[in-house]
Amino acid sequence: MTKVKTGDTVRIHYRGTLKDGTEFDSSEGRGPLEFEVGSGQIIPGLDKALPGMEVGEKKTVEVPMAEAYGEANPATRHTVPRAHIPPDIPLEVGTRLQMQSRDGQVIAVTVAEVTDDAVTLDANHPLAGQDLTFDIELVSIG
């Protein structure tokens, strides 16, 4: 039977969970995820688990944070005066927003803390600092 190798286009079903079992993403209810193995389209820890798999094979992959979204970087947390944020912008902790840098780049941020005077925005990936687990099934190669 054909085995996955770097450069193959594959389709997988997956379920991603945190250490405590909380599901953060899944392909359930939608089509399988399609990508080229070794191309950098998915996190490295999951990508390197695919070579050698056969269609129909299932496995659980433990991905340490260094091979996922890395450690959370405190330098990407910024506190801004609340008055600098338009009043129609939702400011509940956990809300995902987009802001624009001085050079025009769009940056995804999460509201991390809200006080009467200031709002702390975190530009880390929401899964930064987390070890991840994926249950995967190889649906097709090619």
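All of these numbers come straight from a predicted model, not from anything done at the bench. (Residues numbered from 1 in each chain as written. Predicted model: local features only at pLDDT ≥ 70, side-chain atom pairs only at ≥ 80, totals over all residues. Heavy atoms only, no water.)

With that out of the way, let us pick up the packing of aromatic side chains. Summed over all chains, the structure comprises one aromatic pair. Ring geometry for F24 versus F134: centroids 5.7 Å apart, planes at 90°, classification edge-to-face. Taken together, the residues F24 in strand β2 (residues 23-26) and F134 in strand β9 (residues 132-141) connect sequence positions 110 residues apart. Assessed through its relative accessible area of 26%, F24 is described here as partly exposed. (Phe/Tyr/Trp six-rings, centres within 6.5 Å; stacked < 30°, edge-to-face > 60°. Helix = DSSP H or I, 4+ residues; strand = E, 2+ residues; numbered from the N terminus. Buried < 20%, exposed > 50% of the residue type's maximum accessible area, 1.4 Å probe, protein only.)

Note on placement: T133 falls in strand β9. The exposure class assigned to T133 is buried, which follows from its relative accessible area of 14%. A polar contact of 2.9 Å, which involves the side chain of T133, links it to the side chain of E62. Beyond its immediate sequence surroundings of up to four residues, T133 is in contact with R15, G16, T17, T60, V61 and E62. (Polar contact = N/O pair within 3.5 Å; in protein donor to acceptor, adjacent residues only side chain to side chain. Contact = heavy atoms within 4.5 Å.)

Taken as a whole, this structure holds eight salt bridges when the rule is applied. Between E34 and R11 there is a salt bridge whose closest N-O contact spans 3.8 Å. With E34 in strand β3 (residues 33-36) and R11 in strand β1 (residues 9-18), this residue pair connects regions lying 23 residues apart in the sequence. For E34, a relative accessible area of 52% corresponds to the exposed category. For R11, a relative accessible area of 31% puts it in the partly exposed group. We note a salt bridge from R15 to E23, for which the minimum N-O separation is 2.7 Å. Accessibility expressed as a relative area gives 33% for R15, which makes it partly exposed. (Salt bridge = Lys/Arg side-chain N within 4 Å of Asp/Glu carboxyl O.)

This brings us to the nonpolar core. Formed by 21 residues in total, the largest nonpolar core has its most connected members in I12, L46, L50, L132, F134 and I136. Counting only elements with at least two residues in this core, the list comes to β1, β4 (58-63) and β9. Not counting residues within four places of it along the chain, the set of residues in contact with I136 comprises I12, H13, Y14, L46, L50, M53, E57, K58, K59 and V61. The next biggest cluster of nonpolar side chains, apart from the first, holds seven residues, and it includes I85, L91, L97 and V109. (Core = buried A, V, L, I, M, F, W, Y, C linked by side-chain atoms within 4.5 Å.)

It is worth spelling out the sheet that holds strand β6 (residues 96-100) at this point. Taken in spatial order, the four strands line up as β5-β8-β7-β6 in an open sheet, and their pairing is antiparallel. Two strands close off the open sheet at either side, each with one partner strand: β5 (77-81) and β6. Strand-to-strand twist across the sheet, computed as the mean angle between neighbouring axes with direction ignored, equals 45°. For β6 and strand β7 (residues 106-114), the ladder comprises five bridges, and the chain directions are antiparallel. Bridging from a neighbouring strand, M99 pairs with I107 of β7. (Pairing = 2+ DSSP bridges. Axes fitted to C-alpha atoms, helices over the stretch in contact; angles between N-to-C directions.)

Quick look at the pairing of β2 now. Here β1 runs beside β2; their pairing, made up of three bridges, is antiparallel. Its bridge partner being in β2, R15 is matched across the sheet by S26. Remark: four residues form the turn of the hairpin made by β1 and β2, two consecutive strands paired antiparallel; G21 in that turn has positive phi of roughly 95°.

Any functional reading would require information beyond the geometric quantities listed.
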